[in-house]
Amino acid sequence: MPSVPPSASSGPPLSGGPAASLRRWINVLNLSTPAGLMLARLTGCRTLPGPQKTTLVEGYPLSLPRAAAFTVGNVVFYRSSSARRIHAPDSPLLRHEIRHSSQYALLGPFFLPAYFAASALSRAFAGDPASANPFERLAGLRDGGYHPGPGRQRRRTRAPRPDRPRRLIRSR
Ligand SMILES: [Zn+2]
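Residues numbered from 1 in each chain as written. Predicted model: local features only at pLDDT ≥ 70, side-chain atom pairs only at ≥ 80, totals over all residues.

Novice: Which parts of the structure should I look at to understand the overall build of the protein?
Specialist: Check the secondary structure of the protein and you find 6 helices and 4 strands. Along the chain direction, N to C, the helices and strands of the protein fall in the order α-α-β-β-β-β-α-α-α-α. Within the protein, the fraction of its 172 residues that count as buried is 32%. (Helix = DSSP H or I, 4+ residues; strand = E, 2+ residues; numbered from the N terminus. Buried ≥ 20, exposed ≤ 12 C-beta atoms within 10 Å, placed from the backbone.)

Here it is as structure tokens:
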């Protein structure tokens, strides 16, 4: 059960305007939203109407993907432990997931293969699946709970000694 019940007063406005309607219909037609709804049904999760024509899926139970939340079409899945973050007013995490929903609308069936390839490249070059992944960067690394800056999450080199001053790395 989620720790915070959803309410009409929490989160972004429910309607979302014409752009949200267009995104919803594109993601229905490219079958990403139906796939998300099927996953929600198969995992026995409760669905709720979300802001900007999304469907929220509470209490995702499987261990993969290892994320607080993820999106399939217009369907935003999140774990019970992330319910408070998703239902927070103007939730950054939900904004991040809705941007992924727009990416599905732009790329349709090519989104997931492109996303996984970008994650693998990011892991190879930056040491983690997000910081050099353009899909995550465009969705907002901070909003998604990532630390911006390539290679700053899991460096293969020695961790800096706490007594040594760190060099500042400018973000672009
Ligand atoms: Zn993301």
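Novice: Sorry if this is basic, but what is going on with the packing of helix α1 (residues 17-29) against helix α4 (residues 92-107) here?
Specialist: What describes two packed helices is the angle between their axes and the distance between those same axes. Running from N to C, α1 and α4 cross one another at 55 degrees; their axes reach a closest spacing of 9 Å. In terms of orientation, α1 and α4 fall into the oblique class. In this structure, α1 meets α4 at a crossing whose hand is left-handed. Contact residues: Arg23, Ile26 and Asn27 in α1; Ser101, Ser102, Tyr104 and Ala105 in α4. (Axes fitted to C-alpha atoms, helices over the stretch in contact; angles between N-to-C directions. Parallel < 35°, antiparallel > 145°, perpendicular 65-115°, else oblique. Left-handed = near helix turned anticlockwise from the far one by under 90°. Contact = placed C-beta atoms within 7 Å.)

Novice: Can you help me understand the pairing of strand β2 (residues 55-58) in this one?
Specialist: Regular strands have side chains that alternate between both faces of the sheet. Pairing geometry for strand β1 (residues 46-49) and β2, over 4 bridges, is antiparallel. When the bridges of β2 are listed, Leu48 appears paired with Leu56. Between β1 and β2, which pair antiparallel one after the other, the connecting turn spans 5 residues, and Gln52 there sits at a positive phi close to 55 degrees. In this sheet, strand β4 (residues 75-78) lies alongside β2 in parallel orientation, the contact comprising 3 bridges. Residue pairing for β4: Leu56 is matched across the bridge by Val76. (Pairing = 2+ DSSP bridges.)

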